[in-house]
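# Fold and contact review
In case you want the letters, here they are:
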Amino acid sequence: MVEAREIREWTNDEIEHRLDEAHRELFALRRQLDLGRLEDFNRIKRVKRNIARMKTILRERELIAEMVADVSAEEAR
């Protein structure tokens, strides 16, 4: 499991790349589940939580960028 602290050290591009990988992994795990080949059922939960963490951090960065832009626009007045 990846901790949020570690994800925050990554660049946005790196997070997006790892997010794509995690989605692919989740798809593969769900397929294994459907076929009855999945051995570690908790893996699905861990991957979903990692996806949520990465999306949350990307959203935090978007909101911070918006706030900075708003403050800059107000100061320019």
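Note: the structure precedes this text.
Attention in this report is confined to the structure presented alongside it. The residue count restarts for each chain, going from 1 along the sequence in the order it is written. Totals for whole chains, interfaces and linings use every residue, but because this is a predicted model, local features are given only for residues with pLDDT of at least 70 and side-chain atom pairs only at 80 or more, for both listing and counting. Side-chain measures here rest on the full set of heavy atoms in the structure, leaving out hydrogens and waters.

## Considering the pattern of salt bridges
Salt bridge, as applied in this entry: a Lys or Arg side-chain nitrogen positioned within 4 Å of an Asp or Glu carboxyl oxygen. As enumerated under the stated definition, the model contains six salt bridges in all. Among the ionic pairs, Arg 8 bridges to Glu 60, the shortest N-O distance being 3.1 Å. With Arg 8 in the loop between helix H1 (4–7) and helix H2 (12–35) and Glu 60 in helix H3 (residues 42–76), this pair connects stretches of sequence that are 52 residues apart. Overall, Arg 8 belongs to the partly exposed group, its relative accessible area being 44%. Whether a residue is buried, partly exposed or exposed follows from its accessible area with a 1.4 Å probe, protein chains only, as a fraction of its type maximum: under 20%, in between, or over 50%, in that order. Classification of Glu 60 by relative accessible area gives partly exposed; the value is 31%. Note that Arg 59 is salt-bridged to Glu 62, the shortest N-O span being 3.0 Å. Remark: Glu 62 and Arg 59 occur in helix H3; sequence separation between them is three residues, near one turn of the helix. Under the relative-accessibility criterion, Arg 59 is labelled partly exposed at 41%. Here a helix means four or more residues in a row that DSSP labels H or I, a strand means two or more in a row labelled E, and each is numbered from the N terminus.

## Some remarks on the nonpolar core
Throughout, nonpolar core names a set of buried Ala, Val, Leu, Ile, Met, Phe, Trp, Tyr and Cys residues whose side chains join them through atoms within 4.5 Å. Ranked by size, the top nonpolar core spans 14 residues in total, and within it Ile 7, Ile 15, Val 47, Ile 51 and Met 54 carry the most contacts. Looking at this core, the elements with two or more residues in it are H2 and H3. Considering each element in turn, this core owes the most residues, six residues, to H3. Residue contacts follow a heavy-atom distance rule, with two residues in contact if any of their heavy atoms lie within 4.5 Å. Filtering out sequence-adjacent residues up to four positions away, Ile 7 remains in contact with Val 2, Ile 15, Arg 53, Met 54, Ile 57 and Arg 61.

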